[in-house]
Amino acid sequence: MRTQTSGKTDLHQRFATIVGDSNTISAASELRTYECDGLTGTRVTPALVVLPGTTEEVSQCVRLANELGMPIVARGSGTGLSGGAVPSPESLIIGLSRMNAILEVDLPNERIRVQPGVANLDVSRAIAPHGYYYAPDPSSQSVCSIGGNVAENSGGAHCLKYGFTVNHAMGATVVLADGTVVSIGGPLADSLGYNLMALIVGSEGMMAVVTEVWLRIIRLPQKTRTIFATFPSTDEAGAAVSAIIANGIIPAAIEMMDQLAIKAIVAATGVDWPLDVGAALLADMDGIAAEVDHTAEAAIASMKQAGAVDVRTPRDAAERALMWKGRKSAFAAVGRISPNYYVQDGVVPRKQIAAVLREIARLAAEAGLCVANVFHAGDGNLHPLLLYDARVPGEEERAEHVASEILRVCIRYGGSITGEHGVGLDKAPYMGELFNENDLETMSLVRCAFDPAGRLNPGKVFPTPRLCGDRPGPFVLSPLERLDIAGRG
Ligand SMILES: Cc1cc2nc3c(=O)[nH]c(=O)nc-3n(C[C@H](O)[C@H](O)[C@H](O)COP(=O)(O)OP(=O)(O)OC[C@H]3O[C@@H](n4cnc5c(N)ncnc54)[C@H](O)[C@@H]3O)c2cc1C
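In this text the structure is predicted, and so the values were computed from the model without any measurement.

How each quantity is defined
Counting of residues starts from 1 at the beginning of each chain's written sequence and follows it residue by residue. Side-chain atom pairs in this predicted model are given and counted only at pLDDT of 80 or more, local residue features only at pLDDT of at least 70, and totals for whole chains, interfaces and linings cover all residues. In this analysis, axes come from line fits to C-alpha atoms, helices being fitted only over the stretch in contact, and the angle between any two N-to-C directions falls in the range 0 to 180 degrees. Secondary structure is summarised from DSSP: a helix means a run of H or I of at least four residues, a strand means a run of E of at least two, and numbering begins at the N terminus for each. By the definition used in this description, the sense in which the near helix is turned from the far one sets the handedness, with an anticlockwise turn below a right angle giving left-handed and a clockwise turn giving right-handed. Here the contact rule is simple: place C-beta atoms from the backbone, and any two residues whose C-beta atoms are within 7 Å are in contact. Side-chain classes follow a simple rule in which Ala, Val, Leu, Ile, Met, Phe, Trp, Tyr, Cys and Pro form the nonpolar group, Asp, Glu, Lys and Arg form the charged group, and the remainder, Gly included, forms the polar group. A pair of strands is considered paired only if DSSP assigns at least 2 bridges between the two. What counts as a domain boundary in this text is fixed by an automatic or database domain assignment. Whether a residue is buried, exposed or partly exposed is read from the other C-beta atoms within 10 Å of its own C-beta, which are placed from the backbone; 20 or more gives buried, 12 or fewer gives exposed, and intermediate counts give partly exposed.

Asker: Any chance you could explain the packing of helix α8 (residues 234-246) against helix α10 (residues 289-306) here in plain terms?
Answerer: Two measures define how a pair of helices packs: the angle their axes make with one another and the distance between the axes. Axis separation between α8 and α10 bottoms out at 8 Å; the angle between their running directions is 145°. Crossing handedness for the pair α8 and α10: right-handed. Taken together, the residues of α10 that come into contact with α8 (itself represented by Glu236, Ala239, Ala240, Ala243 and Ile244) are Ala299, Ser302, Met303, Gln305 and Ala306. Classifying every residue of the contact of α8 with α10 by side-chain character gives seven nonpolar, two polar and one charged.

And the structure:
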């Protein structure tokens, strides 16, 4: 009789023939690294992890996983915050971290071709000497991967003016669910046919495994002016954001922090921001030099008119870098003032920011919890951080409850359940509150065109993970089963 251990060894060896023994992970202690992403409360140990080095190896691993009936979860750096890379116990994780080469830099056409494991910031670092950068800048940019950015359509502080990943990922080489390798889009400004690249971006690892990406790169701006402004409360700060944009000025970035977030950031990074204010805005105005001074002055005037207590600009590049480091380290900083916190991600129309923040404060107060807010204000993309202590019975549950209610508030104010962190595992239950059954069915059918058996990252995004085309409620035969395109395995 074969033991479980010998079954595991067989599995290890079969994949090791593709990627090599040292790139195949089956030891229980090592698999634990892959049991969760940034949503650390949900942990599942996968059956096996492989770290392929080429597109061909990814393709072979996908084919073998299919043969063995294993679900497949692509994984970049594991910084996702919605549980997108959380496996099921029988899953194969395809880790793309070894595929981290920059393959081609094409400055005349403002393009760069990279493997998916390249860290976001490394793209900008590679082209900075030539006067270029890659615009989407998640706060996790020093570690998160381009493959993960594509799968999540990641945003960042500077996406207000320059757009999200979907505006910068032009083409990709991908491995489909049956192992077929295809090219989608490409370096050209407008590729022929359906815009499949826009489908792959944001598909959360459920349509294909991305193994190469063509990115748009842009010239570093001639000049950037950073403005830091403090306000009595988030009401005035929110009004300032709306006023600046209503005046026809699109800042490169405009980020808001409330009092608790400011306190955490000051304690962690040493920025000399005042602690006795209700909120602060950190904004960048960039472009050609002649324009920037004008737009910066106009933005400062709008901030003052909206009730800014103090407006200042950094003395030099070092102070500017420290200010942005402060903002980008905010999540980690909050970790120093609370044993645990839950990051929520919702989006609301910009003009509703102040009202929604008041609702969030009320919900947190009713639950006896503190909330820190630090977010991309220009996009209306809120990130309330609910502080709790998991050692105190009931606190974690209360934080999760408030986090759910925050999503409902976002929906009620005309917003959505995710601004940039994706739906993943965490928010799948809320999809039915935002979309009706026809909407979900249509999305599910698109996914099925790529992956009829639901092999890639099953159980994510859709409220019911049974099969493509399934929906909540009593059992009904899926349209794909009726057409005999897919079956229940
Ligand atoms: C401190 C912190 C700050 C953050 N700030 C931001 C922010 O400002 N903006 C923002 O948008 N996000 C932010 N995030 C979330 C996260 O960093 C992004 O979602 C990021 O794009 C995830 O990249 P990753 O490489 O870590 O992907 P992973 O977490 O490994 O995976 C994320 C999803 O992508 C899929 N995937 C990964 N690689 C591939 C591939 N090659 N092919 C197909 N599917 C793939 C996975 O299956 C999973 O569904 C933050 C996270 C942290 C921890």
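There's plenty left to go through after this.
Asker: Hey, could you run me through the sheet that holds strand β10 (residues 209-216) in this one?
Answerer: Across a sheet, paired strands are connected by hydrogen bonds in the backbone, their directions being either parallel or antiparallel. Ordered by their spatial adjacency, five strands build an open sheet running β5-β6-β10-β8-β9, and the pairing between neighbours is antiparallel. Of all the strands in the sheet, the pair left with one neighbour each is β5 (102-106) and β9 (181-185). Along the sheet, successive strands turn relative to each other by an average axial angle of 15°, direction set aside. Pairing of strand β6 (residues 111-114) with β10 involves four bridges; the strand directions are antiparallel. Paired with Val114 across the strands is Val213, a residue of β10.

Asker: Where do I start with the domain arrangement of the protein in this structure?
Answerer: When the parts of a complex come together, some accessible area is lost, and that lost area is often taken as the interface size. Looking at the protein, the domain boundaries give domain 1 (4-95), domain 2 (102-219), domain 3 (221-336), domain 4 (338-434) and domain 5 (437-482). With eight residues of domain 2 at the interface, the matching set in domain 5 holds 10 residues. Residues of the side of domain 2 that touches domain 5, tallied by class, amount to six nonpolar, one polar and one charged.

Asker: I'm lost on the environment of Pro349 in this one. Help?
Answerer: Within the secondary structure layout, Pro349 lies in the loop between β17 (346-347) and α13 (353-366). Pro349 gets classed as partly exposed once you count the C-beta atoms within 10 Å, which come to 13. It is 9.6 Å that separates the C-alpha atoms of Pro349 and Gly378, two residues lying 29 residues apart in sequence. Setting aside anything within four residues of it in sequence, one finds Pro349 in contact with Gly380, Tyr413, Gly414 and Gly415.

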